[in-house]
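# Structure assessment
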Amino acid sequence: MTLYMKLGGRKAIMQAMPALHARLDKDPCFDIATFRQEFERSDDLTEFLIFLSGGAPFYDGKPVADLLSPICTGEDVYIRFVDHLVAVLFTERSTEDEKDALRQLMDQLRPQVLDPKPVAPVLVYAIEPDPLNA
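Everything numeric here is computed off the predicted structure, so don't read it as measured data.

What counts, and where the lines are drawn
Residues numbered from 1 in each chain as written. Predicted model: local features only at pLDDT ≥ 70, side-chain atom pairs only at ≥ 80, totals over all residues. Heavy atoms only, no water. Helix = DSSP H or I, 4+ residues; strand = E, 2+ residues; numbered from the N terminus. Buried < 20%, exposed > 50% of the residue type's maximum accessible area, 1.4 Å probe, protein only. Areas by Shrake-Rupley, 256 points an atom, 1.4 Å probe, with all protein chains shown as cover. Axes fitted to C-alpha atoms, helices over the stretch in contact; angles between N-to-C directions. Left-handed = near helix turned anticlockwise from the far one by under 90°. Contact = heavy atoms within 4.5 Å. Nonpolar A, V, L, I, M, F, W, Y, C, P; charged D, E, K, R; others polar. 1 Å grid on protein atoms, 1.4 Å probe; cavity = no way out; pocket = protein on both sides within 12 Å on 5 of 7 lines; lining within 4 Å. Points joined across faces, edges and corners; volume = space filled by probe spheres on them. Salt bridge = Lys/Arg side-chain N within 4 Å of Asp/Glu carboxyl O. Expected span 1.5 Å × (residues − 1). Bend = angle between axes of the 7 residues up to and from the residue. Core = buried A, V, L, I, M, F, W, Y, C linked by side-chain atoms within 4.5 Å.

### Some words on the overall build of the protein chain
Each helix and strand in the protein chain was counted, giving seven helices and zero strands. Moving toward the C terminus, one meets the helices and strands of the protein chain in the order α-α-α-α-α-α-α. Counting over 134 residues, the protein chain shows a buried share of 38%. With an accessible surface of roughly 8700 Å², the protein chain has 55% of that area assigned to carbon and sulfur atoms.

If you want it as structure tokens, here you go:
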């Protein structure tokens, strides 16, 4: 059984987002002013968590560094974010192994979020002549 199924699927993850927003808003370590759009207008965080937990074969939203770096400004803040995430996604019936599985996944993402490396631009060459210059 995937972590996605253990969490309760898409519906459970979507329902956890308002609780996560409320927890982050109350925590003085977070300035969610820059993160507010992720909760109000974007589903990128939800879709990323669905992908990360094994509920989707791909994720085509905002890169994880762009998604979480504005709110997770340091090691300790990232750990607190993961703690809040675990608290809202799991129920009292969840096991520590299930919680640890999500923590391990998030731990693997830590370097990408806290120390994102710039990506070199990709050169694209046209095979066909440019029709606008013809």
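So, next bit.
### Quick notes on the packing of helix α6 (residues 75-89) against helix α7 (residues 96-114)
Running from N to C, α6 and α7 cross one another at 145°; their axes reach a closest spacing of 10 Å. Crossing geometry of α6 relative to α7 is assigned as right-handed. The residues of α7 that touch α6, namely those facing Glu75, Tyr78, Ile79, Phe81, Val82, Asp83, Leu85, Val86 and Leu89, are Lys99, Leu102, Arg103, Met106, Asp107, Leu109, Arg110, Val113 and Leu114. Broken down by class, the residue content of the contact of α6 with α7 amounts to 12 nonpolar, no polar and six charged.

### Topic: empty space enclosed by the protein
By rolling a water-sized probe across the atoms, one finds the places where empty space is left. One pass over the structure, following the stated rule, counts one cavity of 30 Å³ or more. Taken as a whole, the largest cavity holds about 40 Å³ of empty space. Lining the largest cavity are Leu7, Ile13, Leu49, Leu52, Ser53, Leu89 and Leu102. Residue classes in the lining of the largest cavity are distributed as six nonpolar, one polar and no charged.

### Some thoughts on the pattern of salt bridges
Summed over all chains, the structure comprises six salt bridges. Of the charged contacts in the structure, one is a salt bridge between Arg10 and Glu47, with a shortest N-O distance of 2.6 Å. Note that Arg10 is positioned in helix α2 (residues 9-26) and Glu47 in helix α4 (residues 44-52), a separation of 37 residues in sequence. You can call Arg10 partly exposed: its relative accessible area is 33%.

### Here's the deal with α2
Compared with an ideal rise of 1.5 Å per residue, which puts 18 residues at 26 Å, α2 spans 26 Å between its outermost C-alpha atoms and is within 8% of the ideal. The largest bend in α2 comes to about 30°, at Met17, with the proline Pro18 one to four residues further on. When α2 is considered as a whole, its buried residues turn out to be Gly9, Ile13, Ala16, Met17, Leu20, His21 and Leu24.

### Let's talk about the nonpolar core
The biggest cluster of nonpolar side chains holds 37 residues, and the ones touching the most others in it are Leu68 and Met106. Among the secondary structure elements, those contributing two or more residues to this core are α1 (3-7), α2, α4, α5 (64-68), α6 and α7. Top contributing element to this core by residue count: α6, with eight residues. If we skip the residues at most four places from it in the chain, Leu68 touches Phe35, Leu45, Phe81, Met106 and Val113.

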